[in-house]
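Next come the chains, spelled out residue by residue.
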Amino acid sequence: MDLVSVDCKFNGNYFDLSAGEIRKIAVKKESLSEHLRLDSFKVQLTLRGVYDISS
């Protein structure tokens, strides 16, 4: 997980998930390097999996 152009602290950024499993990750607003509205945060958010890295 990462944000394209803003820094922040996620409460977890490495974990294993099985198919269908759900994991909630939190970001405290205070940890953002600049103010973002929720819609902007969603646009900035990127996710990668092991499959993505190995391809």
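Residue numbers restart at each chain and count upward from 1, following the sequence in its written direction. Whole-chain, interface and lining totals are the exception, using all residues; otherwise, since this is a predicted model, local features are given only for residues with pLDDT of at least 70 and side-chain atom pairs are given and counted only at 80 or more. Values reported for side chains reflect all heavy atoms of the structure, with hydrogen atoms and water molecules removed beforehand.

What to know about the overall build of the chain
The following threshold applies: Working definition: helices are DSSP H or I runs of at least four residues, strands are E runs of at least two. Numbering for both runs from the N terminus. In this description, contact between two residues means that some pair of their heavy atoms is separated by no more than 4.5 Å. All accessible-area figures derive from a Shrake-Rupley calculation using a 1.4 Å probe, and residue coverage is judged against the displayed protein chains alone. His is not counted, nor are the chain ends, whereas Lys and Arg count as positive and Asp and Glu as negative. Note on charges: their place is set at NZ of Lys, CZ of Arg, CG of Asp or CD of Glu.
Each helix and strand counted, the chain has 2 helices and 2 strands in total. By principal-axis analysis of the C-alpha atoms, the chain measures approximately 35 × 20 × 15 Å. Contacts spanning at least 24 positions in sequence make up 49% of the contacts within the chain whose residues lie at least 6 apart. Here the chain displays about 5100 Å² of accessible surface, and carbon together with sulfur accounts for 51% of that area. Charge separation in the chain, taken as the distance between the mean sites of 8 positive and 8 negative side-chain charges, equals 7 Å.

Focus: the nonpolar core
For clarity, the cut-off: The nonpolar core is taken to be a set of buried Ala, Val, Leu, Ile, Met, Phe, Trp, Tyr and Cys residues, with the residues joined through side-chain atoms within 4.5 Å. Partly exposed describes any residue whose relative accessible area lies between the buried limit of under 20% and the exposed limit of over 50%, with all areas from a 1.4 Å probe on protein chains only and scaled to the type maximum.
Grouped together as the largest cluster of nonpolar side chains are 7 residues: L3, V6, C8, F10, L32, L36 and F41. Setting aside residues no more than four positions away along its own chain, F41 makes contact with L3, V27, L32 and L36.

A word on the confidence of the model for the chain
Note the following rule: Per residue, pLDDT measures the predictor's confidence, with a range of 0 to 100.
Here the chain averages 84 in pLDDT, while 93% of its residues score no lower than 70. When pLDDT is averaged over each element of the chain, helix 1 (residues 38-44) comes out on top at 92 and helix 2 (residues 50-54) at the bottom at 71.

What about the pattern of salt bridges?
We apply this condition: When a carboxyl oxygen of Asp or Glu lies within 4 Å of a side-chain nitrogen of Lys or Arg, that pair is called a salt bridge.
What the rule picks out here adds up to 1 salt bridge. D39 is the salt-bridge partner of R37, the closest N and O atoms lying 3.6 Å from each other. The exposure class of R37 is exposed, given its relative accessible area of 58%.

Notes on the environment of D7
The residue D7 is located in the loop between strand 1 (2-3) and helix 1 in this model. The sequence separation of D7 and L32 amounts to 25 residues, and the corresponding C-alpha distance is 5.7 Å. Excluding residues within four positions of it along the chain, D7 makes contact with S31, L32 and S33.

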